[in-house]
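# Observations on chain architecture
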Amino acid sequence: MRIATWNVNSITARLPRLLAWLESSGTDVLCIQETKTTAEQFPADELRELGYESAVNATGRWNGVALVSRVGLDDVTVGLPGGPDYEGVQEPRAISATCGPARVWSVYVPNGREVDHAHYAYKLQWFEALKASVAADAAGARPFAVLGDFNVAPTDADVWDPALFEGATHVTPAERAALAALREAGLSDVVPRPLKYDHPFTYWDYRQLGFPKNRGMRIDLVYGNEAFSKAVTDSYVDREERKGKGASDHAPVVVDLDV
DNA sequence: ATGTCATGCCTCGCATGA
């Protein structure tokens, strides 16, 4: 089974590339982030024509996540149970479902903006709720994984220039401690291989030639439990999808499983 | 080459977020 996660930065803007990539890559289950659409506007019909079911948590212009599967899509949970509000609203940042043999989450962790911003505190609270929600499945025997845009670089090697990130979000000890807490709950980081260069970055800013200069970050992560991680036969970042006109600023992370 | 991009509106340019 081939499972992937991809922050598409608008599923409307990305639809031609998304449909072409699903077919060419042979992906069975895709975790999507930043749909930037309402659930009503989500292109479920186009995906169904390719043989994929969809489950969507999306409310409009910002955020939005989805699960797309051609191997089953059952027991869908929309949202993060017990998750915090931001400015009085439960933002659409999580959805989970059972896709064939695996239980899967698609998450778009809050960005945080600045360390002294309310959004940063919200980010840490969001991680706390995520850990509580996934703890049982993380410790369970069924293959289970949380995939998505975590908006945290796990180590200094996961940013192109750590010196530039001093004092910034995505690299703080508290954010990395939130990832460590997920690992302590039974999940492990399925690190993909890069298709070029020595580090598997997954995101490159649109600005200042970020991609051509490989000024990237690894913030799109796959956190799998023991059964999931043991079944992994390969994993890579499909940087080809970051190239050319009409690319997202994130590349898909692909995981092959023997399940 | 690939020197932002995407959305949505008090909508044809700007504010916002990343």
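Before reading further, recall that the structure is shown in the block above.
Let me begin by describing the structure that accompanies this report. (Residues numbered from 1 in each chain as written. Chains lettered and ligands numbered in written order. Predicted model: local features only at pLDDT ≥ 70, side-chain atom pairs only at ≥ 80, totals over all residues. Heavy atoms only, no water.)

## A word on the packing of aromatic side chains
Taken as a whole and judged by the stated rule, the model has 4 aromatic pairs. Taken together, a centroid distance of 5.4 Å and an interplanar angle of 35 degrees make the contact between Phe150 and Tyr223 tilted. With a gap of 73 residues between them, Phe150 in the loop between strand 8 (144-149) and helix 4 (173-184) and Tyr223 in strand 12 (residues 220-224) connect regions that are remote in the sequence. The exposure class of Phe150 is buried, given its relative accessible area of 0%. Among the residues examined, Tyr223 registers a relative accessible area of 0% and is labelled buried. Ring centres of Trp204 and Phe211 lie 5.0 Å apart, and the angle between their planes is 80 degrees; this geometry places the pair in the edge-to-face category. For Phe211, a relative accessible area of 11% translates into the label buried. (Phe/Tyr/Trp six-rings, centres within 6.5 Å; stacked < 30°, edge-to-face > 60°. Helix = DSSP H or I, 4+ residues; strand = E, 2+ residues; numbered from the N terminus. Buried < 20%, exposed > 50% of the residue type's maximum accessible area, 1.4 Å probe, protein only.)

## Let's talk about unusual backbone geometry
A positive phi angle is found at Asn9, which is not glycine, with a value near 50 degrees. Using a relative accessible area of 13% as the deciding quantity, one classes Asn9 as buried. Its identity as a non-glycine residue notwithstanding, Asn151 has a phi of 55 degrees, on the positive side. Looking at the element boundaries, Asn151 is found in the loop between strand 8 and helix 4. Judged by its relative accessible area of 4%, Asn151 falls in the buried class.

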